[in-house]
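Residue-level structure breakdown
The lines below spell out each chain.
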Amino acid sequence: MHRKMEQKRKNFSKLYDQYAPKIYRFIYLKVSSHEIAEDLSSEVFIRVWDVYREEKEEGDRVRNIQAYMYQVARNVVVDHYRKNGKYKVVPVEEKVNIPEQGKRMEEEISNALELERVQKALEGLSDDYQDFIIWRYLEELSVPEIAKIAGKSEESVRVGTHRAIQALKKRIEAGV
Amino acid sequence: MEDKELLKTVSILKEIKPSQEWLLLTKQRILGIEAKEQTFSVFALLSYPSLFRISNPSFFRIFNLSYLKKPAFVVASLVLVLLGGTAIQARNSVPGDPLYVLKAAAENIQYVFSSSEEKQALRITMAQRRLEDLKKVMNSNDTQKLSFAIREFQQTANLASDDFAKLVDKEPARALQASRGIVQLQKDTSQVEKILGTIVEQKEEGRFENAVRTLIENEIADLETRTLREEQQELFLEAKDAFSQGDYQTALERIWALSNIQ
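**Looking at the overall build of chain A**
Secondary structure summary: chain A contains seven helices and zero strands in total. When the elements of chain A are put in sequence order from the N terminus, they spell out α-α-α-α-α-α-α. When the 176 residues of chain A are sorted by exposure, 45% land in the buried category. Relative to all contacts within chain A whose residues are 6 or more apart in sequence, the contacts with residues 24 or more apart total 70%. Surface summary for chain A: the accessible area is close to 9,800 Å², and the carbon and sulfur share equals 49%.

What follows is the structure, encoded as structure tokens:
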């Protein structure tokens, strides 16, 4: 039994290493706060670990762990909105963790401004549109994968993704 | 705006990443909680050694599963189940709660039984947990528990800082790795202090700062003797610059970054 648990810990550890940055980014783009994204992301993985611990045979509880994680992530964000309201005033000191890998100052500032512009435009979209853009263009998931996560048909995902990108384009061009 | 251009613009969002310290500490916390529960149950087991004495020590009898029916084994199993359940409740307790004593005891046992390599990281994890407990107490507006939570955090954070200072003296290579966790702890503590409007962490004046300064000095001296790649060289110059200006956190971040480059 101890060996089984050890194997579960190893599997979870690999999963965590692969998905923690993605889940963090997904949540951060919705809550715009480094601290809140950390708290909510932790909650996602605590729940995933609970599922892992309790399954008797590998995969008997969750067939698609990726879809499950994103669904849990969406749920924790919705719960957060319910408790705290959707729009949050972010303290000036809070900033995104952009790794500084020896870039020059000007490049850094330009990147940071561009990041802020795109992020602000994304924030103004509906939750569904945000999700499509994040999954398709940031996480590079396929249409079938997104359909499983979102619980929609592939056709809906294709149409939704197209509309989402057009809506984002309009917001960026309008400087919103 | 062309779609291609838009997608290129959107891809900049990939630069949003969590801190390495948070990634590491969160994983430790999630899997560490699991290990802590097991340790607590083992402790209960070890408290009742007589319950596992097999009446006939013959080699063949040991493999006779009839001992499973013996009352002693059943009682011990029940003790494990009951204490295991309590351990799970204790996990969610905060300073000031009745079950918090069990949680603290379980963590201390885990610390005692861990290897010397694990001890330092575990101490930082314990301090981080006390900070999480403090945040929970703050959010619940329970002023009675607040002073307990602050005191518990101060004690564990001071122990973590002391351990770190010893590590810098004795094992500089491991101290650099440990510095990630301890710097993240300092950052998180500052955020809590801002909200509370009071200093939470009271450490022995200068001891921690001296340890960090010594660590950075040692790392810079070591890096001076090495051949660095261009990107590493740039980071190294930034680290030295930050250090000379007293910005130890930035200096450490640069040193971590250049040690990550292969």
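Here the narrative resumes.
**Digging into the overall build of chain B**
Summing up its helical and strand segments, chain B has eleven helices and zero strands in all. Each of the 262 residues in chain B was classed as buried or not, and the buried ones make up 45%. A sequence separation of at least 24 residues applies to 68% of the contacts in chain B between residues at least 6 apart. As displayed, chain B has an accessible area near 14,200 Å², and 56% of this comes from carbon and sulfur atoms.

**With respect to the packing of helix α3 (residues 65–84) of chain A against helix α6 (residues 143–150) of chain A**
All names here are of chain A. Close contact between α3 and α6 brings their axes to 8 Å; oriented N to C, the two are set at 50 degrees. Here α3 is positioned oblique relative to α6, judged by the angle of their axes. The hand of the α3/α6 crossing is right-handed. When α3 is examined against α6, the residues Gln66, Ala67, Tyr70, Gln71 and Arg74 are found in contact with a partner set consisting of Glu145, Lys148, Ile149 and Ala150. Classifying every residue of the contact of α3 with α6 by side-chain character gives four nonpolar, two polar and three charged.

**Details of the side chain of arginine 123 of chain B**
Residues and elements named next belong to chain B. Residue position: arginine 123 is located in helix α6 (residues 116–139). Residue arginine 123 is classed as buried on the basis of its relative accessible area, which comes to 12%. Excluding residues within four positions of it along the chain, arginine 123 makes contact with Tyr111, Thr156, Leu159, Ala160 and Asp163.

**Re the confidence of the model for chain B**
Residue and element names in this part refer to chain B. Chain-level statistics for chain B give a pLDDT mean of 73 and a share of 72% at 70 or above. The secondary-structure element of chain B with the lowest mean pLDDT is helix α3 (residues 59–62), recorded at 35, while helix α10 (residues 230–244) shows the highest, at 90. The model gives residues 37–82 a pLDDT under 50, and that stretch makes 36 contacts with residues more than four places away or in other chains.

**What to know about the pattern of salt bridges**
Tallied over the full model, the rule gives 22 salt bridges over all chains. Notably, a salt bridge pairs aspartate 133 of chain B with arginine 130 of chain B, separated by 3.0 Å at the nearest N-O pair. Placement of the pair is aspartate 133 of chain B and arginine 130 of chain B together in helix α6, with a separation of three residues, close to one helical turn. The pair aspartate 133 of chain B / arginine 130 of chain B is uniform in exposure class, with both members buried. When salt bridges with common partners are traced through the structure, they connect Lys30, Arg74, Asp128, Asp131 and Lys152 of chain A into a single cluster.

**Let's talk about unusual backbone geometry**
Residue and element names in this part refer to chain A. Of note in this structure, serine 32 is not a glycine but carries a positive phi near 55 degrees. Mapped onto the fold, serine 32 is located in the loop between α1 (2–31) and α2 (34–54). With relative accessibility at 12%, the residue serine 32 sits in the buried group. If you check the backbone angles, glutamate 140 has positive phi at about 55 degrees while not being a glycine. Mapped onto the fold, glutamate 140 is located in the loop between α5 (127–138) and α6. Classification of glutamate 140 as exposed rests on a relative accessible area of 55%.

**A short note on the packing of aromatic side chains**
Residue and element names in this part refer to chain A. As enumerated under the stated definition, the model contains ten aromatic pairs over all chains in all. Both rings, one in phenylalanine 12 and one in tyrosine 16, keep their centres 6.3 Å apart while their planes meet at 35 degrees; by these two values the pair is tilted. One end of the pair is phenylalanine 12 and the other is tyrosine 16, both in helix α1 and four residues apart, which spans about a single turn. With respect to burial, phenylalanine 12 and tyrosine 16 carry one shared label: buried. With 5.4 Å between their ring centres and 75 degrees between their planes, phenylalanine 26 and tyrosine 70 make a pair best called edge-to-face. Here the residue phenylalanine 26 occupies a position in helix α1, and tyrosine 70 occupies one in helix α3, the gap between them amounting to 44 residues.

**As for α5 of chain A**
Residue and element names in this part refer to chain A. Along its twelve residues, α5 runs 15 Å from first to last C-alpha, staying within 8% of the 16 Å computed at 1.5 Å per residue. For α5, the complete set of buried residues consists of Gln130, Asp131, Phe132, Ile133, Ile134, Trp135 and Leu138. Immediately downstream of α5, the backbone of glutamate 140 shows phi near 55 degrees, a positive value.

**Here's the deal with the packing of helix α8 (residues 172–196) of chain B against helix α11 (residues 248–260) of chain B**
All names here are of chain B. The geometry of α8 relative to α11 is characterised by a closest axis approach of 11 Å and an angle of 140 degrees between their N-to-C directions. Compared by their axis directions, α8 and α11 come out oblique. Note that α8 runs across α11; the crossing there is left-handed. Contacts from Leu176, Ser179, Arg180, Val183 and Lys187 in α8 reach Gln249, Leu252, Glu253, Ile255, Trp256, Ser259 and Asn260 in α11. Classifying every residue of the contact of α8 with α11 gives five nonpolar, four polar and three charged.

About the cut-offs
Residues numbered from 1 in each chain as written. Chains lettered and ligands numbered in written order. Predicted model: local features only at pLDDT ≥ 70, side-chain atom pairs only at ≥ 80, totals over all residues. Heavy atoms only, no water. Helix = DSSP H or I, 4+ residues; strand = E, 2+ residues; numbered from the N terminus. Buried < 20%, exposed > 50% of the residue type's maximum accessible area, 1.4 Å probe, protein only. Contact = heavy atoms within 4.5 Å. Areas by Shrake-Rupley, 256 points an atom, 1.4 Å probe, with all protein chains shown as cover. Axes fitted to C-alpha atoms, helices over the stretch in contact; angles between N-to-C directions. Parallel < 35°, antiparallel > 145°, perpendicular 65-115°, else oblique. Left-handed = near helix turned anticlockwise from the far one by under 90°. Nonpolar A, V, L, I, M, F, W, Y, C, P; charged D, E, K, R; others polar. pLDDT = per-residue confidence, 0-100. Salt bridge = Lys/Arg side-chain N within 4 Å of Asp/Glu carboxyl O. Phe/Tyr/Trp six-rings, centres within 6.5 Å; stacked < 30°, edge-to-face > 60°. Expected span 1.5 Å × (residues − 1).

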